[in-house]
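# Observations on the model geometry
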Amino acid sequence: YRFRKYQAGPTTWAQVLLMQDAEYVNLSIGGDTFAKMLDRFDRDVLGANLNRLLISAGVNDCFAAGLTLAQMQTNATAVFARAQALGIPVDVLTPPPQSSARGGWTAGKRDVYKAFRNWLIQVCPSYGFTLIDSWPASSGSTTVINPTDANLNASTNVLMDSVHPSTIGAQA
């Protein structure tokens with residue numbers, strides 16, 4: 001599979017998931033939301049002549065923008081419809097678990113975030129998309145989610161800044 005590079009940024013997730021070096025289109029650029037992705041989808045994706053597309057978003061929709069589950073679902077559905085129309089394989093990576101130590105974190109946002117992940121698990125097959133669920137992932141003895149944590153916090157060392165996966169987190 002070949003991905004084209006949209007902008008400079010970490011490639012760890014795409015490379016680990018594909019088990020190869022890859023160029024990619026990164027629709028989930030820093031601070032992005034599904035609504036922002038949709039605004040630039042035609043410009044950034046349609047002309048890229050892709051063989052496969054990886055979509056990962058939801059963190060900023062929930063934690064930064066404070067959207068409701070219904071708003072997140074509406075925005076994601078619009079992006080998914082555009083992606084499906086491309087006629088190429090689409091992979092959707094669940095938003096990675098977060099840390100309750102991060103700014104803007106609340107139990108309510110955690111619940112929306114968890115519900116959004118569960119919704120992705122249900123809806124992606126209806127689009128014919130491959131879902132890549134980062135939450136139950138593990139690398140050796142390290143799991144992404146701390147299974148004993150009531151807040152669904154990520155395990156130690158899997159996040160580099162309470163938000164973004166570390167190399168260990170990407171490998172898991």
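Look a little higher up for the structure.
Presented here is a report on the structure given in the accompanying data block. Fair warning: this is a prediction, and the values are worked out from it, not measured in the lab. Counting of residues starts from 1 at the beginning of each chain's written sequence and follows it residue by residue. Given that the model is predicted, a residue must reach a pLDDT of at least 70 before its local features are reported, and side-chain atom pairs must reach 80 or more before they are shown or counted; all residues, however, enter totals for whole chains, interfaces and linings. In computing side-chain properties, one takes all heavy atoms of the structure into account and sets aside hydrogens as well as water.

### Section: the nonpolar core
Inclusion rule: The term nonpolar core refers to a set of buried residues drawn from Ala, Val, Leu, Ile, Met, Phe, Trp, Tyr and Cys, joined through side-chain atoms within 4.5 Å. Per-residue accessibility, obtained with a 1.4 Å probe over protein chains only, is compared with the maximum for each type, and a residue is labelled buried under 20%, exposed over 50%, and partly exposed between these values. By definition, any uninterrupted DSSP run of H or I lasting at least four residues is a helix, any uninterrupted run of E lasting at least two residues is a strand, and each is numbered from the N terminus. Throughout, a residue-residue contact means that at least one pair of heavy atoms, one from each residue, lies within 4.5 Å.
The biggest cluster of nonpolar side chains holds 31 residues, and the ones touching the most others in it are Phe34, Ile55, Phe80 and Phe129. For this core, the secondary-structure elements that each account for two or more residues are helix H2 (34–44), strand E1 (53–56), helix H3 (59–64), helix H4 (69–84), strand E2 (90–93) and helix H5 (107–127). Residues within four places of Phe129 in sequence aside, it is in contact with Phe80, Ala83, Gln84, Val90, Val92 and Cys124.

### Looking at the sheet that holds E2
Selection rule: By definition, two strands form a pair when at least two bridges between them are found by DSSP. Axis lines are fitted through C-alpha atoms, for helices just across the contact stretch, and the angle between N-to-C directions can take any value from 0 to 180 degrees.
Ordered in space as E1-E2-E3, the three strands form an open sheet in which the pairing is parallel. Only two strands of the sheet have a single neighbouring strand rather than two, namely E1 and strand E3 (130–132). Going from strand to strand, the sheet's axes swing by 25° on average, the running direction of each strand aside. Both E2 and E3 contribute to a ladder of three bridges, which runs parallel. For Val92, the partnering residue across the bridge sits in E3 and is Leu131. Its contacts with the sheet place H4 against E1 and E2, and it is angled at close to 175° to E1.

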